[in-house]
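One-letter residues, chain by chain:
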Amino acid sequence: MVPPILINLLSGLSVRLLVFFLLVLLVFFLPRLLPGDPVAIFLSSDLSRDLSGSEAVELRSQFGLAGGWLQQLGEYLSNLIVGDLGYSVPHAAPVSQLLKTAIPWTLLLIACAAPLFLIAGAAGGIEAGKAPGALFDRVATGTVTVIASIPPFTAAVLLLLAFGILWPVLPAGGAEPLFPSDNPLQRDFDVARHAVLPVLALSLHEVSRFYFLARGEAITLSQRPFIINACGRGIKGWRLRAAYYGRSLFPVFLARMSDSLTGLFGAVLFVEIVFSYPGTGHLIYNAILDRDYVLLQGAVIVMAGLVLLLNWIIDAVATSLARRG
């Protein structure tokens, strides 16, 4: 018998592949519709003032702009199939190599932030939803409402100002010290210290949506017979919150997590720019400034593919849990 999760994965595969293909086309055509020629702009800079005519033609080819659009698209898709994302001339390195260096830093922030905002959102929302209108509900809901009104880049700037400049107890930027330690333990500790502020900024952006979701579900669950029966049997404390409220909230949280992935990766971009964190967000920002379309295309395609992959897996797990009941 085929496991239900495998059936859900296969049923959602064709849609994700179609979305990914349409996104590749969008990423390919959009830079070419923008005003200005990236090669001409690059040639006008100090970096390439002495290029000869043949070198300029070679440069146009490296930018993927040689020939007509159909020819460019054919070459781009054929290179993409074999994993060739192009060559970044400003960085003097293959795009895949740049992304291979940047993506682990971005995933580190997301992997550290996700447990924080999921646990804080669930615990706070359940506690507030169990007794709506009580003191904790009023204080927590008011605080989270204020946090929800702060954009991610503003929260990042405030944290940077408070703990990186005015009270400099944490590093204000980067992922490591200028001269990393040779001691692995010391280096891990330095990486963790540099990640604290970006992770907090990212968690503050996401905690509100899961808090309100948990609070609303907890208010509804409190009226359900199995919760009333559990309270009548004297079940309380963490057992009631984790085994009854938390277990019922798990599929709902998974479904919301699938919906929130795009916003989460978008928030990482702002956070990495503010803290000069060397992840994909910082890489994309520099690619926009340099009009490095090859790097921009590669970064967007890889990040979109990663979001679609995670969305695909989470959707399949959430659907399986929902059908199981």
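Placed above this text is the structure.
Here is a short report on the structure shown in this document. Every chain begins its residue count from 1, and numbering advances along the sequence as written. Given that the model is predicted, a residue must reach a pLDDT of at least 70 before its local features are reported, and side-chain atom pairs must reach 80 or more before they are shown or counted; all residues, however, enter totals for whole chains, interfaces and linings. Hydrogens are left out, water is left out, and the side-chain values use all remaining heavy atoms of the structure.

1. Some remarks on the nonpolar core
- In this description, a nonpolar core means a group of buried Ala, Val, Leu, Ile, Met, Phe, Trp, Tyr and Cys residues linked to one another through side-chain atoms lying within 4.5 Å. Each residue's exposure class comes from its accessible area (1.4 Å probe, protein chains only) as a fraction of the maximum for that residue type: buried when under 20%, exposed when over 50%, partly exposed otherwise. Of all hydrophobic cores here, the largest spans 48 residues; its most connected members are F117, L202, Y245, F253, M257 and F275.
- Secondary structure elements are taken from DSSP: a helix is a run of H or I of four residues or more, a strand is a run of E of two residues or more, and numbering for both begins at the N terminus. If you list the elements that add at least two residues to this core, you get α5 (95-130), α7 (152-166), α8 (184-221), α9 (225-232), α10 (237-274) and α12 (293-324).
- Beyond its immediate chain neighbours, meaning those up to four positions away, M257 contacts F117, L118, F210, L264 and I314.
- Counting residues in hydrophobic clusters, the runner-up holds 20 residues, among them V24, V27, F28 and Y76. Residue contacts follow a heavy-atom distance rule, with two residues in contact if any of their heavy atoms lie within 4.5 Å.

2. Let's talk about the packing of aromatic side chains
- A pair of aromatic rings is counted whenever rings of Phe, Tyr or Trp (Trp by its six-membered ring) have centres within 6.5 Å, and the orientation is called stacked for planes under 30 degrees apart, edge-to-face for over 60 and tilted otherwise. This structure, assessed with the given rule, holds ten aromatic pairs.
- Centroid distance F28 to Y76: 5.6 Å. Interplanar angle 40°. Geometry classified as tilted. With F28 in helix α1 (residues 4-33) and Y76 in helix α4 (residues 69-81), this residue pair connects regions lying 48 residues apart in the sequence. Like F28, the residue Y76 is buried in the burial classification.
- Pairing F226 with Y244 gives two aromatic rings, centres 6.4 Å apart and planes at 20°, and the pair type is stacked. Separated by 18 residues along the polypeptide, F226 in helix α9 and Y244 in helix α10 bring together distant segments of the chain.
- Its relative accessible area of 16% is what places Y244 among the buried residues.
- Site record: aromatic cluster; members linked through ring pairs are F28, F29, W69 and Y76.
- Two limits define a charge over a ring: the Lys NZ or Arg CZ must be within 6 Å of the ring centre, and within 35 degrees of the ring normal. Stacked on the ring of F28, the Lys or Arg R32 has its end atom at 3.8 Å from the ring centre.

3. Re a nonpolar patch on the surface
- A cluster of nonpolar residues, L161, I165, L166, W167 and V169, forms a patch on the protein surface that exposes about 530 Å² of accessible area.
- Among the secondary structure elements, V169 is positioned in the loop between α7 and α8.
- The class for V169 is partly exposed, based on a relative accessible area of 35%. Excluding any residue in a salt bridge, patches collect residues exceeding 30% relative accessible area, merging like charges within 9 Å and nonpolar Val, Leu, Ile, Met, Phe, Trp and Tyr side chains within 5 Å. The method behind every accessible area is Shrake-Rupley, applied with a 1.4 Å probe, and residues are considered shielded solely by the protein chains displayed. Put simply, a salt bridge is a Lys or Arg side-chain nitrogen that is within 4 Å of an Asp or Glu carboxyl oxygen.

4. Digging into the side chain of E176
- Its location among the elements puts E176 in the loop between α7 and α8.
- By the criterion applied in these results, polar contacts are pairs of N or O atoms within 3.5 Å in which, for protein atoms, one can donate a hydrogen and the other can accept it, and in which residues neighboring in sequence qualify only through two side-chain atoms. There is a polar contact of 2.5 Å between the side chain of E176 and the side chain of R187.
- When near neighbours in sequence (up to four residues on either side) are disregarded, E176 contacts W105, R187, V191 and H194.

5. Observations concerning unusual backbone geometry
- Even without being a glycine, A92 presents a positive backbone phi close to 55°.
- The topology assignment puts A92 in the loop between β1 (87-88) and β2 (93-94).
- Classification of A92 by relative accessible area gives exposed; the value is 53%.
- A positive phi angle is found at S276, which is not glycine, with a value near 50°.
- With respect to the secondary-structure elements, S276 resides in the loop between α10 and α11 (280-290).

6. A word on α4
- Between its terminal C-alpha atoms α4 stretches 18 Å, which fits the 18 Å expected from 13 residues at 1.5 Å a residue.
- A positive backbone phi angle near 85° is found at G83, which sits one or two residues after α4. An expected span of 1.5 Å times one less than the residue number is assigned to each helix.

7. Some details on α11
- Taken as a whole, α11 has its buried residues at T280, G281, L283, I284 and A287. On an axial view of α11, the arc spanned by its buried residues comes to 160°, and they lie on one face.
- Note on α11: the residue one or two positions beyond its end, R291, has a positive phi of about 50°. This arc is taken over the directions from the axis of the helix to the C-beta atoms.

8. A few points about the packing of α5 against α10
- Note on method: axes are straight lines fitted to C-alpha atoms, helices fitted across the in-contact stretch only, with angles between N-to-C directions ranging 0 to 180 degrees. α10 packs onto α5 with a crossing angle of 140° between their chain directions and a minimal axis gap of 8 Å. As judged from the angle between their axes, α5 and α10 are oblique. When the axes of α5 and α10 are compared, the crossing they make is right-handed. Residue-level inspection shows T106, L109, I110, F117, L118, A122, I126, E127 and K130 of α5 in contact with α10, the latter providing L240, R241, Y245, G246, L249, F253, M257, L264, F265, V268 and E272.
- Residues are grouped as follows: nonpolar covers Ala, Val, Leu, Ile, Met, Phe, Trp, Tyr, Cys and Pro; charged covers Asp, Glu, Lys and Arg; every other residue, Gly included, is treated as polar. Partitioning the contact of α5 with α10 into residue classes produces 14 nonpolar, two polar and four charged. For classification purposes, an angle smaller than 35 degrees is called roughly parallel, one larger than 145 roughly antiparallel, one from 65 to 115 roughly perpendicular, and anything else oblique. The hand of a helix crossing depends on one turn: near helix anticlockwise from the far one by less than a right angle means left-handed, and clockwise means right-handed.

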